[in-house]
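Next come the chains, spelled out residue by residue.
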Amino acid sequence: NAGVTQTPKFQVLKTGQSMTLQCAQDMNHEYMSWYRQDPGMGLRLIHYSVGAGITDQGEVPNGYNVSRSTTEDFPLRLLSAAPSQTSVYFCASSYSLKDIGNTEAFFGQGTRLTVV
Amino acid sequence: AQSVTQPDIHITVSEGASLELRCNYSYGATPYLFWYVQSPGQGLQLLLKYFSGDTLVQGIKGFEAEFKRSQSSFNLRKPSVHWSDAAEYFCAVGVNTGNQFYFGTGTSLTVIP
(Lines give C-alpha, C1' and ligand atoms only; values in the text may rest on other atoms or scores of the structure.)
Protein backbone atom coordinates (compact mmCIF):
# COMPACT_ATOMS: atom_id res chain seq x y z
CA ASN A 1 0.00 0.00 0.00
CA ALA A 2 1.24 3.48 -0.83
CA GLY A 3 -0.94 5.04 1.88
CA VAL A 4 -1.74 8.72 1.28
CA THR A 5 0.04 10.31 -1.67
CA GLN A 6 0.18 14.06 -2.19
CA THR A 7 1.50 15.90 -5.21
CA PRO A 8 3.31 18.14 -5.74
CA LYS A 9 5.69 18.35 -2.77
CA PHE A 10 6.63 21.96 -3.48
CA GLN A 11 4.91 24.70 -5.47
CA VAL A 12 5.40 28.41 -6.03
CA LEU A 13 2.47 30.40 -7.38
CA LYS A 14 1.96 34.00 -8.33
CA THR A 15 -0.90 35.90 -6.75
CA GLY A 16 -4.09 35.24 -8.68
CA GLN A 17 -3.02 31.94 -10.19
CA SER A 18 -5.06 28.81 -9.65
CA MET A 19 -3.86 25.30 -9.01
CA THR A 20 -4.93 21.90 -7.73
CA LEU A 21 -3.22 19.94 -4.99
CA GLN A 22 -3.68 16.24 -5.53
CA CYS A 23 -4.37 13.65 -2.85
CA ALA A 24 -4.92 9.94 -3.33
CA GLN A 25 -5.28 7.06 -0.88
CA ASP A 26 -5.37 3.33 -1.49
CA MET A 27 -6.74 2.16 1.85
CA ASN A 28 -10.43 2.40 0.91
CA HIS A 29 -11.01 5.03 3.59
CA GLU A 30 -14.34 6.82 3.60
CA TYR A 31 -13.06 9.92 5.31
CA MET A 32 -10.60 12.33 3.72
CA SER A 33 -9.59 15.81 4.74
CA TRP A 34 -7.30 18.72 3.99
CA TYR A 35 -5.41 20.69 6.61
CA ARG A 36 -3.10 23.65 6.46
CA GLN A 37 -0.24 23.99 8.90
CA ASP A 38 1.05 27.41 9.88
CA PRO A 39 3.61 28.23 12.59
CA GLY A 40 2.03 28.42 16.03
CA MET A 41 -1.40 27.46 14.74
CA GLY A 42 -1.22 23.70 14.48
CA LEU A 43 -3.29 22.00 11.81
CA ARG A 44 -6.48 23.68 10.74
CA LEU A 45 -9.15 21.83 8.85
CA ILE A 46 -9.98 23.28 5.42
CA HIS A 47 -12.46 20.82 3.92
CA TYR A 48 -13.38 17.23 4.50
CA SER A 49 -15.36 14.42 2.91
CA VAL A 50 -17.14 11.46 4.46
CA GLY A 51 -17.53 9.63 1.17
CA ALA A 52 -17.68 9.97 -2.60
CA GLY A 53 -19.95 12.83 -3.59
CA ILE A 54 -20.06 14.32 -0.07
CA THR A 55 -17.92 17.24 1.06
CA ASP A 56 -18.18 19.83 3.79
CA GLN A 57 -16.34 22.86 5.09
CA GLY A 58 -13.92 22.90 7.97
CA GLU A 59 -12.54 25.82 9.98
CA VAL A 60 -10.83 27.74 7.16
CA PRO A 61 -12.56 26.96 3.84
CA ASN A 62 -12.44 30.38 2.15
CA GLY A 63 -10.44 30.43 -1.07
CA TYR A 64 -10.48 26.64 -1.48
CA ASN A 65 -12.71 24.19 -3.30
CA VAL A 66 -12.88 20.42 -3.12
CA SER A 67 -14.71 17.57 -4.80
CA ARG A 68 -14.84 13.84 -4.19
CA SER A 69 -15.80 11.93 -7.31
CA THR A 70 -14.11 8.69 -6.21
CA THR A 71 -13.26 7.09 -2.88
CA GLU A 72 -9.55 7.32 -3.66
CA ASP A 73 -9.09 10.95 -4.70
CA PHE A 74 -9.71 14.25 -2.94
CA PRO A 75 -8.17 17.21 -4.79
CA LEU A 76 -7.93 20.67 -3.26
CA ARG A 77 -8.30 23.63 -5.60
CA LEU A 78 -7.04 27.12 -4.99
CA LEU A 79 -9.19 29.37 -7.12
CA SER A 80 -7.12 32.58 -7.01
CA ALA A 81 -4.01 32.22 -4.90
CA ALA A 82 -3.20 34.85 -2.28
CA PRO A 83 -0.06 35.32 -0.16
CA SER A 84 -2.15 34.39 2.91
CA GLN A 85 -2.42 30.89 1.44
CA THR A 86 1.31 30.34 1.77
CA SER A 87 1.41 27.29 4.01
CA VAL A 88 2.10 23.58 4.24
CA TYR A 89 -0.90 21.52 3.20
CA PHE A 90 -1.61 18.02 4.45
CA CYS A 91 -4.12 15.53 3.20
CA ALA A 92 -5.34 12.84 5.58
CA SER A 93 -7.63 9.83 5.38
CA SER A 94 -9.22 7.44 7.84
CA TYR A 95 -12.05 5.03 8.33
CA SER A 96 -15.20 6.60 9.68
CA LEU A 97 -14.99 7.38 13.39
CA LYS A 98 -18.74 6.83 13.59
CA ASP A 99 -18.63 3.37 12.08
CA ILE A 100 -15.27 1.99 13.09
CA GLY A 101 -14.21 3.98 16.14
CA ASN A 102 -10.79 2.45 16.53
CA THR A 103 -9.23 4.22 13.60
CA GLU A 104 -6.63 6.92 13.07
CA ALA A 105 -5.85 9.60 10.53
CA PHE A 106 -3.14 8.71 8.01
CA PHE A 107 -1.27 11.68 6.57
CA GLY A 108 0.47 12.43 3.32
CA GLN A 109 3.94 13.98 3.25
CA GLY A 110 2.63 17.47 2.68
CA THR A 111 2.77 20.14 -0.01
CA ARG A 112 4.75 23.28 0.71
CA LEU A 113 3.05 26.13 -1.14
CA THR A 114 4.45 29.62 -1.52
CA VAL A 115 2.36 32.39 -3.05
CA VAL A 116 4.33 35.45 -4.17
CA ALA B 1 -17.22 23.15 20.75
CA GLN B 2 -14.33 20.77 20.63
CA SER B 3 -10.83 22.05 21.30
CA VAL B 4 -7.38 20.78 22.11
CA THR B 5 -4.84 22.75 24.13
CA GLN B 6 -1.14 22.11 24.29
CA PRO B 7 0.10 24.69 26.78
CA ASP B 8 3.80 24.24 26.05
CA ILE B 9 4.92 25.72 22.75
CA HIS B 10 8.51 24.58 23.13
CA ILE B 11 10.29 22.22 25.53
CA THR B 12 14.00 21.51 25.88
CA VAL B 13 15.26 18.41 27.66
CA SER B 14 18.61 16.72 28.05
CA GLU B 15 19.15 13.37 26.41
CA GLY B 16 18.33 10.63 28.90
CA ALA B 17 15.98 12.82 30.92
CA SER B 18 12.28 12.08 31.29
CA LEU B 19 9.66 13.91 29.25
CA GLU B 20 6.05 14.89 29.72
CA LEU B 21 4.07 16.81 27.12
CA ARG B 22 0.75 18.20 28.22
CA CYS B 23 -2.56 18.01 26.40
CA ASN B 24 -6.00 19.14 27.53
CA TYR B 25 -9.17 18.74 25.54
CA SER B 26 -12.69 20.05 25.60
CA TYR B 27 -15.38 17.67 24.42
CA GLY B 28 -18.78 16.71 25.81
CA ALA B 29 -18.53 12.95 25.40
CA THR B 30 -15.72 10.44 25.82
CA PRO B 31 -13.22 11.43 23.19
CA TYR B 32 -10.95 9.47 20.96
CA LEU B 33 -7.46 10.80 21.70
CA PHE B 34 -4.28 10.69 19.69
CA TRP B 35 -0.67 11.78 19.80
CA TYR B 36 1.19 12.36 16.54
CA VAL B 37 4.84 13.22 15.90
CA GLN B 38 6.18 15.26 13.00
CA SER B 39 9.84 15.27 12.08
CA PRO B 40 11.13 18.25 10.09
CA GLY B 41 9.79 18.27 6.54
CA GLN B 42 7.74 15.16 7.12
CA GLY B 43 4.11 14.22 7.54
CA LEU B 44 2.53 13.20 10.81
CA GLN B 45 3.06 9.76 12.29
CA LEU B 46 0.81 8.24 14.91
CA LEU B 47 2.51 7.58 18.26
CA LEU B 48 -0.48 6.20 20.15
CA LYS B 49 -4.23 6.43 20.54
CA TYR B 50 -6.90 5.98 23.18
CA PHE B 51 -10.45 4.78 22.52
CA SER B 52 -11.60 2.99 25.63
CA GLY B 53 -10.46 0.63 28.35
CA ASP B 54 -7.12 0.96 30.11
CA THR B 55 -6.39 4.65 30.58
CA LEU B 56 -2.63 4.12 30.22
CA VAL B 57 -1.76 3.42 26.61
CA GLN B 58 1.54 2.38 25.16
CA GLY B 59 2.79 3.60 21.82
CA ILE B 60 5.73 3.33 19.51
CA LYS B 61 9.26 4.52 20.28
CA GLY B 62 8.80 3.99 24.02
CA PHE B 63 6.08 6.62 24.48
CA GLU B 64 3.04 6.25 26.68
CA ALA B 65 0.08 8.47 27.53
CA GLU B 66 -2.48 8.52 30.30
CA PHE B 67 -6.11 9.54 29.88
CA LYS B 68 -7.47 11.35 32.95
CA ARG B 69 -11.14 12.09 32.52
CA SER B 70 -11.36 14.21 35.68
CA GLN B 71 -8.68 16.54 34.35
CA SER B 72 -9.64 16.32 30.65
CA SER B 73 -6.03 15.50 29.96
CA PHE B 74 -4.04 13.11 27.83
CA ASN B 75 -0.39 13.75 28.63
CA LEU B 76 2.42 12.08 26.72
CA ARG B 77 5.41 10.67 28.59
CA LYS B 78 8.71 9.02 27.92
CA PRO B 79 11.07 7.89 30.69
CA SER B 80 14.33 8.54 28.81
CA VAL B 81 14.52 10.83 25.80
CA HIS B 82 16.79 10.12 22.83
CA TRP B 83 18.25 12.73 20.50
CA SER B 84 16.11 11.30 17.69
CA ASP B 85 12.96 12.28 19.60
CA ALA B 86 13.50 15.94 18.68
CA ALA B 87 10.39 16.82 16.66
CA GLU B 88 7.00 18.51 16.80
CA TYR B 89 4.31 16.69 18.78
CA PHE B 90 0.59 17.11 18.21
CA CYS B 91 -2.27 16.03 20.39
CA ALA B 92 -5.61 15.42 18.65
CA VAL B 93 -9.17 14.51 19.51
CA GLY B 94 -11.44 12.50 17.24
CA VAL B 95 -15.11 13.41 17.26
CA ASN B 96 -17.45 10.71 16.05
CA THR B 97 -20.48 12.95 15.86
CA GLY B 98 -18.83 15.08 13.21
CA ASN B 99 -16.35 12.47 12.12
CA GLN B 100 -13.49 14.94 12.41
CA PHE B 101 -10.08 15.22 14.00
CA TYR B 102 -9.11 18.38 15.90
CA PHE B 103 -5.47 19.16 16.56
CA GLY B 104 -3.63 21.19 19.15
CA THR B 105 -1.08 23.80 18.15
CA GLY B 106 1.82 21.47 18.80
CA THR B 107 4.82 21.29 21.13
CA SER B 108 8.29 21.54 19.69
CA LEU B 109 10.82 19.33 21.47
CA THR B 110 14.54 20.05 21.49
CA VAL B 111 16.91 17.45 22.90
CA ILE B 112 20.34 18.60 24.06
CA PRO B 113 23.28 16.22 24.46
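The following refers to the structure shown.

As enumerated under the stated definition, the model contains seven salt bridges over all chains in all. Notably, a salt bridge pairs B:E64 with B:R77, separated by 3.3 Å at the nearest N-O pair. With B:E64 in strand β8 (residues 64-68) and B:R77 in strand β9 (residues 73-78), this residue pair connects regions lying 13 residues apart in the sequence. One salt bridge in this structure joins B:K78 and B:D85, with 2.8 Å as the shortest N-O distance. Note on B:K78: relative accessible area 11%, which makes it buried. Taken together, the salt bridges that share partners define one network made up of A:R36, A:D38 and A:R44.

Take the nonpolar core next. Generally speaking, a soluble globular protein has its nonpolar side chains buried in company with each other. B:L19, B:W35, B:L47, B:L48, B:F74, B:L76 and B:Y89 are the most contacted members of the largest nonpolar core, which totals 29 residues. Broken down by secondary-structure element, the contributors of at least two residues to this core are β2 (10-14), β3 (19-21), β5 (32-38), β6 (44-50), β8, β9, β10 (87-95) and β12 (107-112) of chain B. The greatest single-element share of this core, amounting to five residues, is contributed by β10(B). In contact with B:L76, not counting residues within four places along its chain, are B:L19, B:E20, B:L21, B:W35, B:L47, B:L48, B:F63, B:E64, B:A65 and B:Y89. A:V88, B:Y36, B:F51 and B:F90 belong to the second largest nonpolar core, which has 21 residues in total.

The gaps left among the atoms become clear once a water-sized probe is rolled over them. Its volume calculated, the largest pocket comes out at about 400 Å³. Along its surface, the largest pocket is lined by 22 residues, and A:Q37, A:V88, A:R112, B:Q38 and B:G41 are the ones closest to its centre. Elements that contribute at least two residues to the lining of the largest pocket include exactly β4 (31-38), β9 (87-94) and β11 (111-115) of chain A together with β10 of chain B.

Summed over the entire model, instances satisfying the criterion amount to two disulfides over all chains. Here A:C23 connects covalently by a disulfide to A:C91, the sulfurs 1.8 Å from one another. The S-S bond linking A:C23 to A:C91 shows a torsion near -70°; that makes this disulfide left-handed. On the criterion of sequence distance, the pair formed by A:C23 in strand β3 (residues 19-25) and A:C91 in strand β9 is long-range, its members being 68 residues apart. Considered together, A:C23 and A:C91 belong to a single accessibility category, that of buried residues. Each sulfur of the disulfide joining B:C23 and B:C91 lies 1.9 Å from the other. Between B:C23 and B:C91, the disulfide has an S-S torsion of -65° and is therefore left-handed.

Each partner contributes to the interface: chain B provides 23 residues, whereas chain A provides 23 residues. Counting each side, the surface lost to burial between chain B and chain A is near 2,000 Å², with a carbon and sulfur contribution of 57%. The tally of links between chain B and chain A comes to one salt bridge. Ionic pairing is found between B:K49 and A:E104, a salt bridge with its closest N-O pair at 3.5 Å.

Calculation notes
- Residues numbered from 1 in each chain as written.
- Chains lettered and ligands numbered in written order.
- Predicted model: local features only at pLDDT ≥ 70, side-chain atom pairs only at ≥ 80, totals over all residues.
- Heavy atoms only, no water.
- Salt bridge = Lys/Arg side-chain N within 4 Å of Asp/Glu carboxyl O.
- Helix = DSSP H or I, 4+ residues; strand = E, 2+ residues; numbered from the N terminus.
- Buried < 20%, exposed > 50% of the residue type's maximum accessible area, 1.4 Å probe, protein only.
- Core = buried A, V, L, I, M, F, W, Y, C linked by side-chain atoms within 4.5 Å.
- Contact = heavy atoms within 4.5 Å.
- 1 Å grid on protein atoms, 1.4 Å probe; cavity = no way out; pocket = protein on both sides within 12 Å on 5 of 7 lines; lining within 4 Å.
- Points joined across faces, edges and corners; volume = space filled by probe spheres on them.
- Disulfide = S-S within 2.5 Å.
- Buried area = accessible area lost by both parts, 1.4 Å probe.

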